6 protein chains.
Amino acid sequence: MNIVVINPNSSETMTTDIRNAAERYAAGRFQVTVLPTPGAPEFIDTFEDRALAAPGMSAIVREYGDKADAFIVACHCDPNLQLLRELSSKPVLGIGEASFYLAAMLGDSFSVISTGVYSNPNKVNLIRSYHMEQHFVSIRNPEGEGGELERYIRAGRRCMEEDGAEVIILGCAGLCQLAEDMTQVLGVPVLDGVVCALSIAEGMVHAGLKTSKFRYYSAGK
Amino acid sequence: MNIVVINPNSSETMTTDIRNAAERYAAGRFQVTVLPTPGAPEFIDTFEDRALAAPGMSAIVREYGDKADAFIVACHCDPNLQLLRELSSKPVLGIGEASFYLAAMLGDSFSVISTGVYSNPNKVNLIRSYHMEQHFVSIRNPEGEGGELERYIRAGRRCMEEDGAEVIILGCAGLCQLAEDMTQVLGVPVLDGVVCALSIAEGMVHAGLKTSKFRYYSAGK
Amino acid sequence: MNIVVINPNSSETMTTDIRNAAERYAAGRFQVTVLPTPGAPEFIDTFEDRALAAPGMSAIVREYGDKADAFIVACHCDPNLQLLRELSSKPVLGIGEASFYLAAMLGDSFSVISTGVYSNPNKVNLIRSYHMEQHFVSIRNPEGEGGELERYIRAGRRCMEEDGAEVIILGCAGLCQLAEDMTQVLGVPVLDGVVCALSIAEGMVHAGLKTSKFRYYSAGK
Amino acid sequence: MNIVVINPNSSETMTTDIRNAAERYAAGRFQVTVLPTPGAPEFIDTFEDRALAAPGMSAIVREYGDKADAFIVACHCDPNLQLLRELSSKPVLGIGEASFYLAAMLGDSFSVISTGVYSNPNKVNLIRSYHMEQHFVSIRNPEGEGGELERYIRAGRRCMEEDGAEVIILGCAGLCQLAEDMTQVLGVPVLDGVVCALSIAEGMVHAGLKTSKFRYYSAGK
Amino acid sequence: MNIVVINPNSSETMTTDIRNAAERYAAGRFQVTVLPTPGAPEFIDTFEDRALAAPGMSAIVREYGDKADAFIVACHCDPNLQLLRELSSKPVLGIGEASFYLAAMLGDSFSVISTGVYSNPNKVNLIRSYHMEQHFVSIRNPEGEGGELERYIRAGRRCMEEDGAEVIILGCAGLCQLAEDMTQVLGVPVLDGVVCALSIAEGMVHAGLKTSKFRYYSAGK
Amino acid sequence: MNIVVINPNSSETMTTDIRNAAERYAAGRFQVTVLPTPGAPEFIDTFEDRALAAPGMSAIVREYGDKADAFIVACHCDPNLQLLRELSSKPVLGIGEASFYLAAMLGDSFSVISTGVYSNPNKVNLIRSYHMEQHFVSIRNPEGEGGELERYIRAGRRCMEEDGAEVIILGCAGLCQLAEDMTQVLGVPVLDGVVCALSIAEGMVHAGLKTSKFRYYSAGK
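Calculation rules
- Residues numbered from 1 in each chain as written.
- Chains lettered and ligands numbered in written order.
- Predicted model: local features only at pLDDT ≥ 70, side-chain atom pairs only at ≥ 80, totals over all residues.
- Heavy atoms only, no water.
- Least-squares fit on C-alpha atoms with pLDDT ≥ 70 in both.
- Contact = heavy atoms within 4.5 Å.
- Axes fitted to C-alpha atoms, helices over the stretch in contact; angles between N-to-C directions.
- Helix = DSSP H or I, 4+ residues; strand = E, 2+ residues; numbered from the N terminus.
- Parallel < 35°, antiparallel > 145°, perpendicular 65-115°, else oblique.
- Left-handed = near helix turned anticlockwise from the far one by under 90°.
- Nonpolar A, V, L, I, M, F, W, Y, C, P; charged D, E, K, R; others polar.
- Salt bridge = Lys/Arg side-chain N within 4 Å of Asp/Glu carboxyl O.
- Pairing = 2+ DSSP bridges.
- Buried area = accessible area lost by both parts, 1.4 Å probe.
- Polar contact = N/O pair within 3.5 Å; in protein donor to acceptor, adjacent residues only side chain to side chain.

Novice: Would you mind going over the relation of the copies chain E and chain F with me for this structure?
Specialist: Each of the two chain copies can be generated from the other by rotation about an axis followed by a shift along it. Once chain E has been moved 0.0 Å along the axis and rotated by 180°, it coincides with chain F to within an RMSD of 0.0 Å. Given the turn and translation reported, the copies of this chain are related as if by a two-fold rotation axis. Taking the C-alpha atom as reference, chain E places I200(E) closest to the rotation axis, 2.6 Å from it. Taken as a fraction of all interface residues of chain E, those also at the interface in chain F reach 100%, which identifies the copy contact as same-surface.

Novice: Could you clarify how one ought to interpret the packing of helix α8 (residues 193–206) of chain E against helix α8 (residues 193–206) of chain F in this entry?
Specialist: Helix-helix packing: each pair is described by the crossing angle between the helix axes and the interaxial distance. Where α8(E) meets α8(F), the axes come as close as 7 Å, and the angle between the chain directions of the two elements is 135°. One way to sum up the angle between α8(E) and α8(F) is to call them oblique. The handedness of the crossing between α8(E) and α8(F) comes out as right-handed. Of the residues in α8(F), those in contact with S199(E), E202(E), G203(E), M204(E) and H206(E) of α8(E) are S199(F), E202(F), G203(F), M204(F) and H206(F). By residue class, the composition of the contact of α8(E) with α8(F) is two nonpolar, six polar and two charged.

Novice: Just to check I follow, could you spell out the pattern of salt bridges for this structure?
Specialist: Close approach of charged atoms allows side chains with opposite charge to pair. Residue and element names in this part refer to chain C. Taken as a whole, this structure holds 54 salt bridges over all chains when the rule is applied. Residue R158 is joined to E162 by a salt bridge in which the shortest nitrogen-to-oxygen separation is 3.1 Å. Placement of both R158 and E162 in helix α6 (residues 148–163) is noted, with a separation of four residues, approximately one turn of the helix.

Novice: How do you make sense of the sheet that holds strand β3 (residues 70–73) of chain B when you look at a structure like this?
Specialist: Across a sheet, strands are paired by hydrogen bonds formed along the backbone, either parallel or antiparallel in direction. All names here are of chain B. The sheet built from four strands is open, its strands ordered β2-β1-β3-β4 with parallel pairing. With one partner strand each, in any of the chains shown, β2 (31–36) and β4 (92–94) form the two edges of the open sheet. Neighbouring strand axes in the sheet, compared pairwise and without regard to direction, differ in orientation by 20° on average. Across four bridges, strand β1 (residues 2–7) lies against β3 in parallel orientation. Note that in β3 the partner of I6 across the bridge is V73. On the sheet, helix α2 (residues 47–64) packs against β1, β2 and β3 and is oriented at approximately 165° with respect to β1.

Novice: What is the right way to look at the relation of the copies chain B and chain A in this model?
Specialist: Least-squares fitting of chain B to chain A yields an RMSD of 0.0 Å, with the superposition described by an axial translation of 0.0 Å and a rotation of 180°. Looking at the interface residues of chain B, 100% of them are also at the interface in chain A, so both copies use one shared face.

Novice: Looking at this model, I keep getting lost on the interface of chain E and chain F. Mind explaining?
Specialist: Across the contact, 42 residues belong to chain E and 42 residues belong to chain F. A combined buried area of about 3,600 Å² lies between chain E and chain F, and 68% of that area is made up of carbon and sulfur atoms. In this structure, the connection of chain E to chain F is made through zero salt bridges. Counting across the interface, chain E meets chain F through twelve residue pairs in polar contact (both at pLDDT 80 or more). Among the secondary structure elements, those contributing two or more residues to the side of chain E that touches chain F are β4 (92–94), α4 (95–106) and α8 of chain E.

Novice: Help me understand the interface of chain B and chain A, please; the structure alone is not making it clear to me.
Specialist: The accessible area lost on association of the parts is a frequent measure of interface size. Facing the 42 residues of chain B at the interface are 42 residues of chain A. Carbon and sulfur atoms make up 69% of the surface buried where chain B meets chain A, a total of about 3,600 Å² over both sides. When the buried surface of chain B facing chain A is broken down by residue, M105(B), L106(B) and H131(B) rank first, second and third, together holding 20% of it. If you look at where chain B meets chain A, you find zero salt bridges. The interface formed by chain B and chain A holds twelve residue pairs in polar contact (both at pLDDT 80 or more) in total. When contributions to the side of chain B that touches chain A are tallied by element, the ones reaching two or more residues are β4, α4 (95–106) and α8 (193–206) of chain B.

Structure representation (C-alpha cells):
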C-alpha cells in the first residue's frame, strides 16, 4: 500500500515535518510518499495561494494515479480537494475534513486551534461546509508568552474550560508531535489532521473503497 | 490489536455473518471478537429492542474494557452508541455513523437501502442526527421479484438513476458480500457499515485515539 | 382522568416533590399518579442512568396502560420518551419537550437553568433535537453564595440581562415552588417542566388525542 | 375561566362553526367567547386580508384584556399573532402553531391538508417559522370527486401511504367534526387547530402562565 | 424612472433625511418620490406600529401603482414588505433585506448597529428570515459618551475587533451621511439600507424585472 | 463607469453572446468590457475547468484593477469568485449569486433550468452555499423535442406547474434573449444571471461600495 500525501505548499521544511508524522503513523505497515507541490507558494493562506497550488497538486495526482492507493491533501483548509477527487478514482481525503469527522466520533464538541487570526473565518466556513458546526464550539489561536507547546496548551485549556471543548483539533499540518504532547498534558484527544486522514485512508484502502465516478466527481463523463 | 464488534441482537446467524465480514476485512492484520448480545432480542427494530439490548451491550464493554482496543456497534441504527462511549475510554463506533461519514468522502450524495419500510423514518432521523442530510438523497427498500442481490440491485439502480445517488449504503449489518457484488454491478461504491466502522477503528487504534472523557462521555465525573 | 407521572429515578424525596407539584397543578380536577421508577438509580444523569431506568419505566407504562389517560416523563432530559410512546397509545410527554414548546409560545427567547455543569451539553443537544435552538439563548447554572432561591435568581437575572432571555426554564423536575417564587421576583415566566407537561397533557386528554400508531411509534407493526 | 377565540375574518357562518367546536371542547369546564373580527374580510387568504384584520383583532384584545384568561387566533395561518402577544399579558396562541407542536408530540411526521392550492407556500413558510419542517412531510389539498369528508379522506390516505404522515393537520379553522370523522376512518390523529390551541390554552391558564413582557412582546417598554 | 420610497412612519424629519439620502444617491439619474405614511405612528418600533402603518403604505402603493417603477420600504425592519409585493407588480424592496444581501457580496461577515436595545431580537429574527445568519456575527448599539458619529464608530470598532465584522450595516433609515463618515474612519463598508435598496431597485428597473404574480404574491388569483 | 465582465471560458462565441447581453443592459449608460479568459477551457464544467480558468481570471482582475469599477464572473457556477474578491477592492459579483438574491426579492420560490444533467448537483450545492435553499424548489433541464426556446419553455412550465416556481433562473451565461422570450410566454420573471449581476453592480458603483479588505478577502494582510 502506498498513500501519497500532498503538501499543497512548496516548503521543504513543512514537507519534512509532514513526512515524519506520516511515517511515524505508518510505522512500516505501508509506504507513504510525502511530496511538496511544485510551483506552489511557501505557505497556503489566501485564496490565491490555493489557486496557485492547483496545477502542481493536479500534476501529482496524475503522475501517481496508478502507483498510489489513496491521496491526502495535507493542509487543514483542504485546498482543491474536490478537484483532486475529480481527477482520481482512488480515495482523496482532506486533513481538515478527516479531523472534524474523527473528532465527532471521539466527543460531542471540538475546538480548533489555528495558527493565525487571519484564517479563523475560513476555518469556520470550512467546518460549516462539512455540516459539523453543531459539534464546533470555538476557534482559538496560540496565546500568551513562551514556547510553541506552552502557547498551544494555554489556548487548549481555554477551549476546554471556557468553551467546553472535549476534543481539540490542530488547524495546521505537521503538528503531530505537538498533538501528542498536548494530549498528555490536557487529557483530552488532541488531533493532528495528517494522522486523522492517514488513519481513515489506510482503512479505506484495506476495504477497497474508491471515489465514486458517478456524477459529482465524474469530470462530466 | 483486538477490535470487539458487538452485534446488538442475539441472533447467532447474524453474528456469524458479521464475523465473516469482519474477519475478511481484518485479513489477519488484527483480531476481531464478534459477539452477540446476551439477553437482547433476535432482531433490533423497535425502540424497545434497543432498550432491551442495552444491559447486555454494557456488560460486553465492561468485560472487554482492557482487552479491546476499540468497540463497534454492528447495527445500522447505532443503538446505545452514546451509552457505550460513556462506559469506555476506547473508541466506540456505530456502523451507521461510519457509513455516512465515509460516503460523504467518496461522493457528494448517498442513498440508503434499508431492509424494511418500517425503519425508514428512523434512518432519516439517524442521518439528521449526524448532520449528513445534505448528502442524503433517498432511502429505498429492496424491490421487485427475485433473489436478494437482484432486488437490492434494482433498488440501487433507482437510487442512482432517479435520485442521483453516487454512493449506496446498505442499511443493515452483515451484508458485506452483497456490498461487493453490488459494487461490481452498479459501478459505484456500495458500503457495508461493518467494514466502514472497522476501517475507521483500525486507523484510530494505530493513531492511539481515545474517547474523550471530558464532559459529554464522562459519566458525570 | 388519571395522568401517570413517571419519575425516572427511584428517589422517594424527588417523587414526593414532583407529586406535590403535580397535585397542586391538578387541584382536584383530575387524578395524578406519581411513581418512582423501580430499579432505576437515585438520580438520572448519565447515559447509563437512562438505560437503567428503561425497564422500570416500561413496566409502569405496561401496568398502567388502561388506567392512565396520559403519561409524563418527569426528568428534564426526557429519558426513554420515544420508547414509552412506542409502548402506549396514550399521549406521552417529556417535561423538557413541553417546557421548550410552551416557552416558545410565551416569548421569543428562553434560557435554561440547569442544576449542574455536567448536564449542559446534554441540554443543548436536547433543545436541538426539538429544533428549538433559535429560541434558545443560554444555559446557566445556579451561581454564587446563598440559598437555592437566591442562587437561581442570580442566574436568572444574568439570563435576562446578559443573554436577553424572556422566559426561563428550570432544567430539573420538582422545582414548582421555585418557579413560582422566581416568577414573582424576576417578572418573567419561569417554567417548571412538570407543570408544563401536565398542562398540555390535560388538554390532550380532553381533546381525545392519542399517540399515532402508524410507523414511527408502531413497534414495527 | 374565559378563553376568547378570535375568528380573524368577519364570516358569521365560520364563527358559528368555530364556536361549536370550541364549546364542544370546553364542555362546560370553562367559558369560550368566540368572536368574528369587525372590519375584517369574509375570508383570510392574502397578505392584505391579514393586514385588514389587524385593527379589529387588536380592538378585541384591548376590549377583553381583563375579562379574558387567554386568547386564540382561530385561523390556521396565525395572522397577527405577534401583534396580539404584544398587546396582552395573557397567553395568545395561534391554531397553526398549536397544531404543529401537538403533532410533533403525537408522531414523528405530519402532513397538512389545506383547503386551496394558493395557500400551500404560505403554509410551508409558516411551518418553517416554527422550525417544525423536519416533522413536516407534505401538504396536500382535498382531492377527487364527492363530498367534503370523502375528498379529505382521499388526501389523508395519500399523506399516509405516499408521504408517510403519522399525524394529519387540517389547515383551516372550524373543521372539528371533520377531524373526528377522519380520525375514525384513517386511524391516525387528525388535528383541528382550534381544539389544539384550546387544549394548550386551558392548561396554560390553570398553570397561571403569562406572555413575557420582557423585550420581544413588551411594546418597546 | 421614478422610484417611490415609502417611509413607513409619519415623521416629516425622518422623511426629509431619507429624501436627502435618496436624492443624493439618484444624483439626477432618476426621480425619487419619498413619502411619509399617512396615519402611521411617528416611529416604527412595535408590532402594533407596523400594523398601523399598513393601510397608509397600501394606499401609497395603490396610488402610485402606474407612476412608480419600483417601491422601497424605508424602515430597516422591512414592515409590511410581503403585503406591498402582493399589491404591486413592480419590484418592492425592503432596506433591511437589501442591506443583508449586499453585505454578503462585499464581505464574509457583517454586524448590525441598531439604534435601541429593544429592537435587537427583532433584527436577529429578520436576518434569519432572509437566511443570512451565517454571515451575521453581532448586533450592537451606539455606545459610550459623545456625539452620534463618535458613538456609532465606537460600536463599529467593537464589531470589527471583537466580532470580526467585515461589513457594518446601520439598522435604521436615513443614516446615509453617517454611513459615509464611518466608512472613512473604519475602512470597511458601512451600509445605509436606503442606498442599498435604491442601488438594487435602479438596476431591477433597467432590467425590466417585475414581482412574480404567480402564487405567493398573487393575492389569491 | 466601466464594468468588466469576465467570461471564465475562452469561447469567443460565448463571449460575444455575453457582450451582446451586457451592452443591451448597459444601453450606453456605462461601459462594459466583456473578456474571454486567456488559457481557460472552451467551456467551464468540471472542477478542473475552474482551476484552469483561475490564472487567466486573476490576470484580468490585476490588469483592469484601476480601470474597472466592478467585476462580474459570467458563469453561473461562480467559479473563483472568492479568489477575485481577494484580488480586488472593487465589487466582484457572480452571476449565480446575483440571480439567486434577485429571485428571492421577486418571488417566494425559484427553479433553475440548467443546460446539462451533469451540473445539477453542483447547482444545488451552489444554492446552499448562498443559503438560498428555502427559496429553491427544483432544478430541471431543457426537455423534449424542438428548438431551444421550446425546450426551455417546456421545462419552465413544469417548474411552475409541478414545483410551484414563481421565478425561473437560467443556469448559464449569455441567455439574455431566451430569458426575455420566456418571460413573455410564461408570465413569470425569467432571470439571466448576467443581467442580474450587472443590475446590482451598476447600483453598487453608484453607491461607491467596495469589497471589504478586512479579514476574509484581505489576502492575509
